[in-house]
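A look at the structure
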Amino acid sequence: MAGRPLARIVVVTALLVLAISERVAHARDCREETSLPADVKLVAPGPDVPPEAARFAGAWSGPWTGIRTGDRSCGTLVVEEVLPSGHARVIYSRGAWEPLKIAFPRYWRVTGHIFAGVLEFALPTFDRPPMVYQFTDAGLSGTFRGDGTHKAKRVADIATIACRARATRDVTAPSPSSVRDRLTAAELLASSPGAGPVHNDHFMPIGPVLPARHTLRGRLTVSAGTMASARDGCLGLSVPTPAFTTDLVTHGEHLVPVARGILGSPATIILSPGRVWSEPGDHGMSRASFPFVLSHEQGNAAYNGTATFLFDDTRVTDLRFQIVQETAPKGDLTDYWGAMPAAYTAGAVADEAVVRARFDEEIRRHVPIRPWSALPAAVRDAGLGGVDGEVPTESVSASGLVVDGVLYLRGCNTRYGPFPYCRDMRHGVFSVTKSLAGAVSLLRLAQKYGDTVLDAKVADYLTVTARHDGWAKVTFRDALNMATGIGESSPQREPNDPHADEMKPRQFAWARKRSAKERLDAAFDYPKYPWGPGEVFRYNSVHTHVLAAAMDAYLKRREGPNAHLWDMVVREVFEPIGILHAPKVHTLERGGRHGIPLLGYGFYPTVDDVAKLATLLQSGGRHEGRPILSAAKIADALYRTSPDGGLPIGWKYRAGAARYHLSFWSVPYRTSAGCFVQVPYMAGLGGNHVVVLSNGVTVFRFADAESYDVEGMILAGEALRPLCTPVVAAVTAPPPAPLSARELRAELVGRTFEANRLHLTIDGRGVVIGESGGQYDVGRWHITDDGQYCRAWNVWDRARTRCYRVY
């Protein structure tokens, strides 16, 4: 009995807290904290849309609230269009919020579905969290993972939805002869972080420029700090920057950091060489700038930045910097800028003569770079958008062609002008690493110890802790082929689900492990499929890590306990072809011990590195007459021994079936000359591609637009040289005739099609509905007068309109 008054007090207090939180929540105008795309368009529901679905149409905004946390963040929901099928085109926007570390405002376009008065959709993030909305007396009420409530009220005018706090954007390039008015000496001496990014050219010499008046030879210490952020111009929260230390020297007009690997933890930075000079307005000091990459110690995103500072013989100013380009999952598109606290101590630099000599060698061994304009017009204007395809320029970090050891560079793009250090711009290539690092490692072992290395069994070199015998017969070749027979998510062979275990909860849990043992234990915790190794292709980056650990153990057994796989690759493959620095993510071990290289992702090559590695592959693994990689296995991997190498993926194309072999994907392709080739290519998350053509041309594109179409890249390479010599057939079959507009409409409208696990339903009102692997989207379609089928998805394919001839 004595506890009842206290209980009533607790209840009343809780109710008061909730009431106060709710009043504070409703006092916020969330329209001013969220953003929308410029092309948002509301479509009024048609008469065939059920009323219970039609009422969702329009814009809704308000705060998220939670029982424990109260007011949390702002959210805006825009239902652009509701279709008679119940599908809806949706925009969800959230505001920045410090308590939950939501760094910046952001919106997503998604496709939802309305059923029984409930709107459901999933955000296009890695774990695809579900969001559910339904009507209450107060308006719309939403939930996210079942925690918290989004109390949203209707917004009459979507023009009133815009973030209030905005960054300044200065995209105007300075004139080479102008007087510097950005990043001035006064700003740098005052450690001013600036109000927003500026054009990249401001980080380079402006106006009358002279050589540097001073030299640097000593240690640069940069303290941890913060940087401002903005997305779509909307200001976000301050974000931490890593602390790092490096010795550095000035070498002629160059600034050379001695530390060229991955520095810092858990946020990391990779430094590259820059420039030094002097300008009249710098109060007698000299000026420097250099490129860098920010990332995470176990990730592979590359946030490319440029920093600048003033210096004399004894001191430096703080570093003014900005990051305005990236290769990052889902296209981050966030700008960062600020000032990092820096201190300089002049003094001796260890092995200084070696540092300078290696830098001279690095310069001497640069791949020749020629402008894109030097290529024939047929290459520059290749069909299907050529090298960049339909990827928007702002999403392409770099692209180009490598021909006979010469790099034709299309450009290094950012949102604020060209990147000023294009050759030294490092790219997070994600699963391209499986080929440029994983396959290269195994093919080096094959060259050293014989091609039978590929038949070595994983279980002979690692302590397998799996509770089944599935690993007993798995070979190095099986692991590189993604054909281990290990997995859980899709136990049927047909139709094949090639990515059944990739980017799934178990893999996310594996990726959070730090040490090699923890990662191996998590890898061996997978069950096995009903089939054995070498039978079915199933992509899983976990298996590439098992292969890396097995190869490292193989090397140690051959060369002793101090041997290390990545050190061997750098020393015996990269350095001989001129790659003197190869930053690579490793497992994190106690006591600073050398970890295992993560060969499934985590490589940060430059375009110069890619050109050298592509040339090595195209030359059959030989450099200057010396064999470095197994020639036989390179020919096998690149489908030059047989077009039927590896295993079918399950994807069908006009010319045949796609395959995967020794880390290389392939596209079956019928050339313009009429002969058939299997085109090998490397692929990484976001749309990073390196296409290795049989005519000796290599085409690459580093981007984060989620576009995985390589046909335009193939056409660009084929425009330079034929891919094969045609074989004249005894009887030439007439070319197939495309369907007319009338025939096409009769074949498509009202029908459902299935291809590569994609189900398409095309209705007579111009709507196409797609479903693949539990995900769905809606789009608009039409048929042109000349008989082309054109469609544009709401979300898939970035809402681009593509047109096709149908035969």
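Everything discussed here concerns the structure shown above.
All chains use their own residue numbering, which begins from 1 and follows the written sequence. Given that the model is predicted, a residue must reach a pLDDT of at least 70 before its local features are reported, and side-chain atom pairs must reach 80 or more before they are shown or counted; all residues, however, enter totals for whole chains, interfaces and linings. To obtain the side-chain values, all non-hydrogen atoms of the structure were included, while hydrogens and water were left out.

Salt bridges are defined as contacts in which a side-chain nitrogen from Lys or Arg sits within 4 Å of a carboxyl oxygen from Asp or Glu. For the structure shown, the criterion picks out 50 salt bridges. A salt bridge links D29 to R31; the nearest nitrogen and oxygen atoms lie 3.0 Å apart. Using a 1.4 Å probe on the protein chains alone, a residue whose accessible area is under 20% of its type maximum counts as buried, one over 50% counts as exposed, and one in between counts as partly exposed. Of the residues examined, R31 reaches a relative accessible area of 30% and is grouped as partly exposed. Here R802 makes a salt bridge to D797, at a shortest N to O gap of 2.4 Å. A network of salt bridges, in which partner residues are shared, links D39, E80, E81, R89, R109 and R780.

Below, the discussion takes up the environment of Q788. Of note, Q788 is situated in strand β38 (residues 788-793). For Q788, a relative accessible area of 22% gives the class partly exposed. Spatially, the C-alpha atom of Q788 lies 5.3 Å from that of Y804, the residues being 16 residues apart in sequence. Here, residues are in contact when the closest pair of their heavy atoms is within 4.5 Å. Non-local contacts of Q788, meaning those with residues more than four positions away in its chain, are made with L744, H782, I783, C803, Y804 and R805. Within 3.5 Å is the distance limit for a polar contact, defined as a pair of N or O atoms, with the added protein rule that one can donate a hydrogen and the other accept it, and that residues adjacent in sequence qualify only through two side-chain atoms. At a separation of 3.3 Å, a polar atom in the side chain of Q788 contacts the side chain of D786. The helix count covers DSSP runs of H or I at least four residues long, the strand count covers runs of E at least two residues long, and both are numbered beginning at the N terminus.

Of note, V768 is situated in strand β36 (residues 767-772). Overall, the relative accessible area of 0% leaves V768 in the buried class. Every residue in contact with V768, bar those within four places of it in the chain, is listed here: L760, T761, I762, D777, V778, G779, R780, W781, Y789 and W793.

On to the pairing of strand β35 (residues 758-762). Any two strands with at least two DSSP-identified bridges between them are counted as paired. With 5 bridges joining them, strand β34 (residues 751-755) and β35 adopt antiparallel strand pairing. Bridged to R751 within β35 is I762. Hairpin connection from β35 to β36: 4 residues lie between these consecutive antiparallel strands, with G766 at a positive phi of about 90 degrees.

As summarised here, the arrangement of the 6 strands in space is β34-β35-β36-β37-β38-β39, forming an open sheet in which the pairing is antiparallel. At either margin of the open sheet sits one strand with a lone partner, and together these are β34 and β39 (801-805). For this sheet, the mean angle separating the axes of adjacent strands, direction not counted, is 25 degrees. As defined by bridge partners, β35 adjoins β36 across 5 bridges and the pair is classed as antiparallel. Its bridge partner lying in β36, L758 is registered against S772. Interaxial angles span 0 to 180 degrees and are taken between N-to-C directions of axes, which are lines fitted to C-alpha atoms, for helices over the stretch in contact. Packed on one face of the sheet, helix α15 (residues 741-748) meets β34, β35, β37 (775-783) and β38 and runs near 85 degrees to β34.

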